[in-house]
Amino acid sequence: MTRPKTWHSLPEYFALRALMQTGTTTGAAHQLGLSQSAVSRSIASLENRLGSPLFEREAGRLRPTQEAVRLNLRLDPLFEALDRIDGQTEPVRETLRLIAPPSYAHRFLVAQISSFMEMNPAFFVSFEVNTSDEVTRGILDDRFDLGISGIEQSRAGVKTMPYRVSGAVCAMPTDHPLARRGQIGPADLHGQDMIALTRRHVRRGQLERLLHQARATPRIVAEVSTSFAAADLAREGVGVTVINPFPIYHYRAGDLAFVPFASDLEYRSYFLVSETRPMTRPARAFMRHLRLNTPPDPFSRKA
């Protein structure tokens, strides 16, 4: 019986693969658990079907022809598929695709991810640090399952869930003249060297209105794009800054003085997920982990 031209033989492909890897019929036979004659018959059958030689003998070894090399490359997807069918020794791990801006990412989320993975070894975490705008876009574009942000952006397709609420604080070196105050008001900042957030931040305009009402004019000595950078500059003695203490307090409490800022400024932290796609199991688990394991601090509370 004549076989159709499209007929394929897995034993022939296994023989080709093993012979390509070992270079001898003895090695291929040992790898496959077959006799040398069985390997030779499979290669001969494959060469006959293809109509071209696949190996040339050279110095006691079989050197593959270009046809053999091309065929072996074309077989890669087949062997990868076979490995997936019966070659996996570990269970498939579910992935948490997480994104957050720098103020949350540095130290705070890194530590939380570490404890989460220790408690959930079946999960894999892919974590990106980016701007708050990118957090929202990443959720919309289905590049991430869960985002964390301090900015509530009303966008169709994105659901925001409150996580933490905090009041504003003044952060400064521990030896600063204002560091021992129980509370600092806008008028107290008059004439003080100050680190401000850039004008694209809504909080910058709100703070300037409060200062204007108190007729206070601090010296703006630096502008930064993140609270993280503002706190670090304050630690270096550049000046005072008015920021959201969460989560910066958790990793700067030993380096800086944090004093409540007397104002109606309020900050909220949010979880962001898709409105149109079901929440993944790892995302739900990480949200619960954060709610349960966020350390308490004097300036923030659960939302």
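All of these numbers come straight from a predicted model, not from anything done at the bench. (Residues numbered from 1 in each chain as written. Predicted model: local features only at pLDDT ≥ 70, side-chain atom pairs only at ≥ 80, totals over all residues. Heavy atoms only, no water.)

**Brief notes about the sheet that holds strand β4 (residues 123–129)**
Spelled out, the test is: Strands qualify as paired when DSSP identifies two bridges or more between them. A run of H or I in DSSP becomes a helix once it reaches four residues, and a run of E becomes a strand once it reaches two; helices and strands are each numbered from the N terminus. In this description, a line fitted to the C-alpha atoms serves as the axis of each element, helices being fitted only across the stretch in contact, and the angle between N-to-C directions of two axes falls anywhere from 0 to 180 degrees.
Pairing is mixed in the open sheet, where six strands are placed in the order β4-β3-β5-β12-β6-β13. The open sheet is flanked by β4 and β13 (300–302), the only strands paired with a single partner. Adjacent strand axes in the sheet meet at a mean angle of 25° when their direction is disregarded. The pairing of strand β5 (residues 146–149) with strand β12 (residues 266–274) spans three bridges and is antiparallel.

**Digging into a nonpolar patch on the surface**
Cut-off, in case you're wondering: Think of a patch as exposed residues, more than 30% relative accessible area, with no salt bridge, where like charges cluster within 9 Å and nonpolar side chains (Val, Leu, Ile, Met, Phe, Trp, Tyr) cluster within 5 Å. For accessible areas, the Shrake-Rupley method is used with a probe of radius 1.4 Å. Any residue's cover is judged against the shown protein chains and nothing else. The salt bridge criterion pairs a side-chain nitrogen of Lys or Arg with a carboxyl oxygen of Asp or Glu, the two atoms within 4 Å.
A cluster of nonpolar side chains, contributed by L10, F14 and L78, occupies part of the molecular surface with about 220 Å² of accessible area. Along the chain, the position of L10 falls in helix α1 (residues 10–22).

**Observations regarding the pattern of salt bridges**
Heads up, the condition is: Classification of residues uses two cut-offs on accessible area relative to the type maximum, computed with a 1.4 Å probe and protein chains only: under 20% is buried, over 50% is exposed, and between them is partly exposed.
Taken as a whole, this structure holds 20 salt bridges when the rule is applied. Between R97 and D142 there is a salt bridge; the shortest N-O distance is 3.0 Å. Note that R97 is positioned in strand β3 (residues 94–100) and D142 in the loop between α7 (132–140) and β5, a separation of 45 residues in sequence. Classification of R97 by relative accessible area gives partly exposed; the value is 24%. Accessibility expressed as a relative area gives 34% for D142, which makes it partly exposed. Put simply, E266 and R268 hold a salt bridge, and the shortest N to O gap is 3.5 Å. Note on R268: relative accessible area 32%, which makes it partly exposed.

**A word on helix α11 (residues 281–293)**
Given 3.6 residues to a turn, an α-helix orients residues that are three or four positions apart in the same direction. Filter applied, for reference: Helices are assigned an expected span. That span is 1.5 Å times one less than the residue count. Regarding the arc, it is the one traced by the directions from the helix axis to the C-beta atoms. Any two residues having at least one pair of non-hydrogen atoms within 4.5 Å are treated as being in contact.
Over its 13 residues, α11 runs 18 Å from end to end, which matches the ideal 18 Å to within 8%, given 1.5 Å per residue. Looking at α11, one finds that the buried residues are P282, A283, F286, M287, H289 and L290. Along the long axis of α11, the arc covered by the buried residues comes to 160°, so they all point the same way. Seen from the open side of α11, the exposed residues pointing more than 90 degrees away from its buried face are R281, R288 and L292. Turning to α11, the residues buried within the fold contact β3, α6 (102–119), β4, β5, β6 (158–167) and β12.

**What about unusual backbone geometry?**
Residues other than glycine predominantly adopt negative phi, and peptide bonds predominantly adopt the trans conformation. In this structure, P247 follows F246 across a cis peptide bond, with omega equal to 0°. Its place among the elements puts P247 in the loop between β10 (240–243) and α10 (248–252). The backbone phi angle of D142 is positive, close to 60°, even though this residue is not glycine. Despite not being glycine, R215 has its phi angle at roughly 55°, a positive value. Mapping R215 onto the fold places it in the loop between α8 (202–213) and β9 (219–224). Assessed through its relative accessible area of 76%, R215 is described here as exposed.

**Observations regarding the side chain of S227**
Mapped onto the secondary structure, S227 falls in helix α9 (residues 227–235). When residues no more than four places from it in sequence are discounted, the contact partners of S227 are S103, L197, I243, N244 and I248.

**Some points on the environment of C170**
Within the fold, C170 resides in strand β7 (residues 169–173). C-alpha separation for the pair C170 and N244, spaced 74 residues apart in sequence, amounts to 8.9 Å.

**Thoughts on the packing of α1 against helix α4 (residues 66–74)**
Threshold: For a crossing to be left-handed, the near helix must be turned anticlockwise from the far one by less than a right angle; the clockwise case is right-handed. Polar here means any residue other than Ala, Val, Leu, Ile, Met, Phe, Trp, Tyr, Cys and Pro, which are nonpolar, and Asp, Glu, Lys and Arg, which are charged; Gly is therefore polar.
Put simply, α1 and α4 touch, their axes get as near as 11 Å, and they point 115° apart. Handedness of the crossing formed by α1 with α4: left-handed. Only A68, V69, L71 and N72 of α4 make contact with α1, whose side of the interface consists of L16, R17 and M20. Counted by class, the contact of α1 with α4 contains five nonpolar, one polar and one charged residues.

**Notes on the packing of aromatic side chains**
Given two aromatic rings, one states the distance between the centres and the angle between the planes to describe the pair. The following threshold applies: In this analysis, rings of Phe, Tyr and Trp, with Trp reduced to its six-membered ring, are considered paired at centre separations within 6.5 Å, and the interplanar angle assigns stacked below 30 degrees, edge-to-face beyond 60, and tilted for intermediate values.
According to the stated counting rule, one finds 10 aromatic pairs in the structure shown. Centroid distance F228 to Y251: 6.1 Å. Interplanar angle 50°. Geometry classified as tilted. A residue pair is termed long-range when its members are at least 10 positions apart, and F228 in helix α9 and Y251 in helix α10 qualify at 23 residues. With a centroid separation of 6.4 Å and an interplanar angle of 40°, the aromatic rings of F258 and F299 are classed as tilted.

**As for the environment of L197**
The residue L197 is located in strand β8 (residues 193–197) in this model. L197 sits 32 residues away from A229 along the chain, and the two C-alpha atoms are 9.3 Å apart. When near neighbours in sequence (up to four residues on either side) are disregarded, L197 contacts R204, V224, T226 and S227.

**Details of α8**
Given a rise of 1.5 Å per residue, 12 residues ought to cover 16 Å, and the 17 Å separating the end C-alpha atoms of α8 matches this to within 8%. If you check which residues of α8 are buried, you get R204, L207, L210 and L211. Take α8 and look down its axis: the buried residues cluster within an arc of 125°, on one side only. Facing away from the buried surface of α8 by more than 90 degrees, the exposed residues are V202, R209, H212 and Q213. Against β8, β9 and β10 lie the buried residues of α8. Two residues or fewer after α8 comes R215, characterised by a positive phi angle close to 55°.

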